[in-house]
Every structure is written in structure tokens, then in C-alpha cells.
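Structural overview for review
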Amino acid sequence: MRKHADVPSATPRTATPGVTKHAANLSVLAPNYNPLDVVLVSGEGSWVTDVDGRRYLDCLAGYSALNFGHRHPGLVAAAQEQLDSITLTSRAFRHDLLEPFARAVTSLTGTEMLLPMNTGAEAVETAVKASRKWGYDVKGIPDGTASIVVASGAFHGRTTTIVSMSDDPETRDGFGPYTPGFRIVPFGDADAVAEAVDETTVAVLVEPIQGESGVIIPPADYLPRLRALCDERNVLLVLDEIQSGLGRTGTTLAQDLAGVRADLTTLGKALGGGILPVSAVVGRREVLSVLTPGTHGSTFGGNPLACAVGIAVVDLLVPGTLQARAATLGSELRTRLEAMVAEGLLAAVRTVGLWAGLDVEPSLGLSGRETCELLAAHGVLAKDTHGSTIRLAPPLTIEREDLDLALDILTKVLRERRAAE
Ligand SMILES: *Cc1c(COP(=O)(O)O)cnc(C)c1O
């Protein structure tokens, strides 16, 4: 049976504060988000339903946390089964799934060791701490002097140390004093990284592809050059694959596209199967071994429920069919978006796998936010990044016809806008 997004002609919902349909004027919720005015009550696969019974195609997929769609049956079954045995032990005791989880993820990613955490930010914090401690214990730099080279436009999370790595005023301003020890250089510029590295440098920490920035893809030789530079200068290469990892790019990791292996890789989002937060740092034994008992930890990190879901996530990725699907559907996505550039509806597109950043043609006078509101009014949920850029990252499990439908609606919305000019 053909599924349909509840379609058009309705006036788009406005996002003007105070006149939205659902946003309460006297909300007791802290205002640190400005979500689209859609109140979701259920989800299945690529589809979600709101309180009014309208259905939408989810083309954000929880920023890649829902790579396998909503309530993937295998993942829900793994979680349900685990709920009936044991859910939390803390790391004070062992449990039977932690080692199998670590083996599954390291084997999937071709790495030697795993340290489990919960959220992405915690995984990045863990990578920063491990890199610094490796710098002091192994590389032998003077205590308290470690520097880490990071990239402009990056997004690594929201903790006070992580916002200290950011040059985005919205993310950073008002939260000082900032954690020292970070040097920000332009993304995609390996020469700038080489210049910023000195004898105090313990790590270069970047996203292989910048997600929040609008799916920014660096030059093809960027990661290979960073790998060579890090080898030469005895510096760790740390890749944040929390959004790019686990199938999104058509490969298991984005770094696979460049043929490099980082010393440390952060994973999150999709690792929790859209059910609960699960993150990890995977990488070289020599590096992660510096975090000895008592030096780092997490009450919930690697809990039995997280491990059960994480193992089921890895099981979905081992055959490679979802990665291949992301690549195949991704090339269709690219073809259709490039046609929209040729038609003058989009100014530019950047795609890799089933992941796209698109810049709406400025002459249409639509912000990314307004575009997303129009899309939502027509049954497609997507998210603006900034300016007139929106990101499409549907579940890797999306049906081809549903992807087509989402792109039909995007085309229609932009054509109607152009006709109204
Ligand atoms: C989302 C994200 C994070 C932070 O993850 P949280 O789970 O929100 O803490 C870190 N790095 C990247 C690249 C991300 O996309």
C-alpha cells in the first residue's frame, strides 16, 4: 500500500512566537531550542505522526541518531529482551554484554579498544582527556601544556570545554571562561594544521565531514594529509564521527572514504539505535590504555541496555547492505538535487552518501528555517543549519519512493515560491 504524506495547499504554520499552534506562551520549558511547531506522538520507519494525525517523512532522522529509522524492529526487540534481564550495573561490577559490545564495535570499525560513554559530548570529552594524558604519559610533554588543533566551523557538543573549541558565537559566547589548549584553524586546510602543530600538540581533532556546518566536505587529500602529518609529528589524529559514522556516508565510517584510520574515533548518535544515548571512543590500545582505573568514567556508560542495543546496531551494519543502500540512494539524491541547482532552485548542494547540505537559491528569499516550515506544512521534516542552508539526512532504511516523495515536495515548494516572486 502506497503511503502518503498529508499533502499541500494548507497555509504553512507560522513560527512567529506567540501565535504558533502548539507552543504554549507560558511554557515552563527552558527556551534553549526553537523547534518546528509539530508535536509528534509516534514514529515508524521513516514516518512520524503528530497529535493531529498528520504524517510526515522524517528527513532529519535525529541528526543521524535514527539512521535505522524509528522503532527498528530488531533494535526494539533487543531492547525489550534486555529490559527483562538487567538494565544497569554501573561499572563497579561486570556484566555479560560489555565485552561483547566492545568486541562488536571494534571489529566493525577496525579498531583495538573501546571506552563506552553515553552522549556524544562525553565521547569528545573522553577523547580530549585521553589525548592529553597520552601527551603527558607517552609523548612526554610537560604537564599542563597540551594543545589540540581543531577546525573552524566545527561542532563537537555543548560542554564548557567543548564550546571552548568552537568559533561559532551562538555556541560559544557568554559561557566563558573558556578551557585553554585549543587552536582553531580553517576546516579543510591541511597546511594550516601543519603550521598550528608544535611540540606541545597532542592531537588534531576534526569531523571528517562537518555536519552541523551544513555537510561541509573537505578536499579529498585532507584526511590523508592529516594522517601523514600526525604520524610525522607524533600527534594523535582524532576524528569525531558522531554524526558522520555508522553508515551515513555509504561506508561504515566517513574516514573509510579517505582510506585512513584515526588514532581515536568518537561514535554516538546512531550507536544508540534511536532508543537511548550510547556513545564510545574507539581507537588504539596504546592511547586508550592511559585511562587507568579511577582516572575517568561514567555511571551509565556501557550499561547492559545500551550494550544490547549497541550490539544490535552493529549487527545491522556488519553485512554492509545498509551502507550500500546509503550509497545507492545517495547517488539518486545527488542527481535530483543537482537538477534542482540546474533549475535555479538551489544555489549549491553538497552530498555524501545519504546526507546532503543544500543552499536555497538566495533570489527565492527563503531562509533555511522558512524552507523547513514550508516542507513541514507539506509533510516533510528537515532542519536548517544556518542562513539558507538545510540538511537532509533521512533514515538509511528509507524507501526509495519515500525519498522521491520528499524530493518531489522540496521541488514543488521551491517552484511555488519562485512562481510567487
Ligand atoms: C551531535 C554531535 C555531537 C554531540 O553529541 P551529543 O549526543 O548531542 O552530546 C558531537 N559531535 C558531532 C559531530 C555531533 O554531530
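Everything numeric here is computed off the predicted structure, so don't read it as measured data.

This part takes up the layout of surface pockets. The gaps left among the atoms become clear once a water-sized probe is rolled over them. For the second largest pocket, the calculated volume is near 920 Å³. Lining the second largest pocket are 26 residues, with R91, L98, L114, L115 and P116 sitting closest to its centre. Counting residues per element, the ones that place at least two in the lining of the second largest pocket are α3 (98-109), β4 (113-117) and α10 (285-288). For the lining of the second largest pocket, a count of residues per class yields eleven nonpolar, nine polar and six charged.

In this section: empty space enclosed by the protein. Per the stated rule, a full pass over the model turns up two cavities of 30 Å³ or more. Here the largest cavity is characterised by a volume of approximately 50 Å³. As for the largest cavity, its lining consists of A154, F155, H156, G157, I162, M165, S166 and T171. Of the voids in this model, the second largest cavity is the one considered here, and its volume is about 40 Å³. The wall of the second largest cavity is formed by L375, V380, L392, A406, L407 and L410.

Joining two cysteines, a disulfide is a covalent bond between their sulfur atoms. By the definition in use, this model includes zero disulfides. C59 forms no disulfide, and the closest cysteine sulfur to it belongs to C372, at a distance of 10 Å. For C59, a relative accessible area of 2% gives the class buried.

We now examine the domain arrangement of the chain. Assigned domains within the chain: domain 1 (36-65 + 321-420) and domain 2 (73-317). Once you take the C-alpha centre of each, domain 1 and domain 2 turn out to be 28 Å apart. Taken residue by residue, the interface counts 26 residues in domain 1 and 24 residues in domain 2. Seen at the junction of domain 1 and domain 2, the total is one salt bridge. Of the charged contacts in the structure, one is a salt bridge between R391 and E212, with a shortest N-O distance of 2.8 Å. Counting across the interface, domain 1 meets domain 2 through 13 residue pairs in polar contact (both at pLDDT 80 or more). Elements with a minimum of two residues in the side of domain 1 that touches domain 2: α1 (61-64), α12 (321-342), β11 (346-351), β12 (356-360) and β15 (389-392).

Closest axis-to-axis distance for the α12/helix α14 (residues 400-420) pair is 11 Å, and the angle between their directions is 20°. In terms of axis orientation, α12 runs roughly parallel to α14. Along this stretch, α12 crosses α14, giving a crossing that reads as right-handed. Between α12, through R325, T328, L329, E332, L333, R336, L337 and M340, and α14, the contact on the second element is made entirely by R400, L403, D404, L407, D408, L410, T411 and L414. For the contact of α12 with α14, the per-class residue count stands at eight nonpolar, two polar and six charged.

Within this structure, the stated rule accounts for one aromatic pair. For R172, the ring lying beneath its charged end belongs to Y178, and the centroid distance is 3.9 Å.

Moving on, we get to helix α13 (residues 368-377). Of all ten residues in α13, nine are buried, a share of seventy percent or more. Those residues of α13 lying buried are G368, R369, T371, C372, E373, L374, L375, A376 and A377. Those residues of α13 that are buried are in contact with β3 (55-58), β12, β13 (380-381), β14 (383-384), β15 and α14. Positive backbone phi, at 95°, marks G379, one or two positions downstream of α13.

Cut-off values and rules
Residues numbered from 1 in each chain as written. Predicted model: local features only at pLDDT ≥ 70, side-chain atom pairs only at ≥ 80, totals over all residues. Heavy atoms only, no water. 1 Å grid on protein atoms, 1.4 Å probe; cavity = no way out; pocket = protein on both sides within 12 Å on 5 of 7 lines; lining within 4 Å. Points joined across faces, edges and corners; volume = space filled by probe spheres on them. Helix = DSSP H or I, 4+ residues; strand = E, 2+ residues; numbered from the N terminus. Nonpolar A, V, L, I, M, F, W, Y, C, P; charged D, E, K, R; others polar. Disulfide = S-S within 2.5 Å. Buried < 20%, exposed > 50% of the residue type's maximum accessible area, 1.4 Å probe, protein only. Domains from an automatic or database assignment. Contact = heavy atoms within 4.5 Å. Salt bridge = Lys/Arg side-chain N within 4 Å of Asp/Glu carboxyl O. Polar contact = N/O pair within 3.5 Å; in protein donor to acceptor, adjacent residues only side chain to side chain. Axes fitted to C-alpha atoms, helices over the stretch in contact; angles between N-to-C directions. Parallel < 35°, antiparallel > 145°, perpendicular 65-115°, else oblique. Left-handed = near helix turned anticlockwise from the far one by under 90°. Phe/Tyr/Trp six-rings, centres within 6.5 Å; stacked < 30°, edge-to-face > 60°. Lys NZ or Arg CZ within 6 Å of the ring centre and 35° of its normal.

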